[in-house]
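Tertiary structure, described
Take a look at the letters that make up each chain.
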Amino acid sequence: CASGADSTQEQLKTLTGSNLNFSETNFTLFSSFDVFGSLDIGEAVKFTAPSSGFNLQKVRIVAWSGFNETTQTYPAERNIMLEIRDEDLNLLYKFADGQNNYFLSTKPILGEIEIPEMEITGDFYVVFYDRGAAPIGAVEGTDSGNSYLFDGADLIPAELINQDTNETIRYNWMIEALGE
């Protein structure tokens, strides 16, 4: 994956949390805030650095701020939060900003958040807290893969029971980690 707009583009390796082809799947938007009523539950994806000394530089997330094209109204500015955690869930980086800076669009969009370059080895987690401001893109499937819900202490597989059908719905969050 290339990043940047000029001829001096650096080549960044894109890590995904799933082997799914997202263009051929059951896409939906999901909000931990809407489901659980808590600002403190995030959508997490487990990644593995492709080599020792991998430099994580950016995170891309499919989400949507809810811009209404018909009335041309912007949603109220609210904070989203992003965390990078190591394999033991220790916090490495935390970032908060308004959702409209990344996800303001007439439909879900791949928003890119630059982070201070950090060297990562082994497994790590990217946690996105939508906080009801920007529901995250998700794929419903038969396996939640490397996608989890994170409550600040524990990782829980991204699975919920549909109360109407008693069916288990498994989610894969649409988050990418980029670096070199």
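Residues numbered from 1 in each chain as written. Predicted model: local features only at pLDDT ≥ 70, side-chain atom pairs only at ≥ 80, totals over all residues. Heavy atoms only, no water.

**Focus: the environment of Ala-96**
Looking at the secondary structure, you find Ala-96 in strand 8 (residues 91–98). Residue Ala-96 is classed as partly exposed on the basis of its relative accessible area of 44%. A sequence separation of 16 residues divides Ala-96 from Ile-80, and the C-alpha atoms of the two residues are 5.6 Å apart. Contacts of Ala-96, omitting those with residues within four sequence positions, involve Ile-80 and Met-81. (Helix = DSSP H or I, 4+ residues; strand = E, 2+ residues; numbered from the N terminus. Buried < 20%, exposed > 50% of the residue type's maximum accessible area, 1.4 Å probe, protein only. Contact = heavy atoms within 4.5 Å.)

**Side note on the confidence of the model for the chain**
For the chain, the average pLDDT comes to 87, and 86% of its residues sit at 70 or higher. With pLDDT under 50 throughout, residues 1–10 is counted as low confidence; its partners more than four residues away or in other chains account for 16 contacts. (pLDDT = per-residue confidence, 0-100.)

**So, the pattern of salt bridges**
Per the counting criterion, the structure on display carries 7 salt bridges. For the salt bridge of Arg-85 with Glu-83, the shortest nitrogen-to-oxygen distance reads 2.8 Å. With respect to class, Arg-85 is no different from Glu-83; both count as buried. Through salt bridges with shared partners, a single network forms among Lys-58, Arg-60, Glu-112 and Glu-176. (Salt bridge = Lys/Arg side-chain N within 4 Å of Asp/Glu carboxyl O.)

**Quick look at the environment of Asn-26**
Within the fold, Asn-26 resides in strand 4 (residues 26–30). Among the residues examined, Asn-26 registers a relative accessible area of 44% and is labelled partly exposed. Once the C-alpha coordinates of Asn-26 and Glu-140 are considered, the two residues, 114 residues apart in sequence, prove to be 5.5 Å apart.

**With respect to the nonpolar core**
Core analysis: the biggest nonpolar cluster contains 36 residues, and Leu-56, Ile-61, Ile-84, Phe-124, Trp-173 and Ile-175 have the highest contact counts within it. Take this core: its biggest share by element is 5 residues, from strand 6 (residues 54–63). In contact with Ile-61, other than residues within four places in its own chain, are Leu-82, Phe-103, Ile-109, Leu-110, Gly-111, Ile-113, Phe-128, Ile-136, Met-174 and Ile-175. (Core = buried A, V, L, I, M, F, W, Y, C linked by side-chain atoms within 4.5 Å.)

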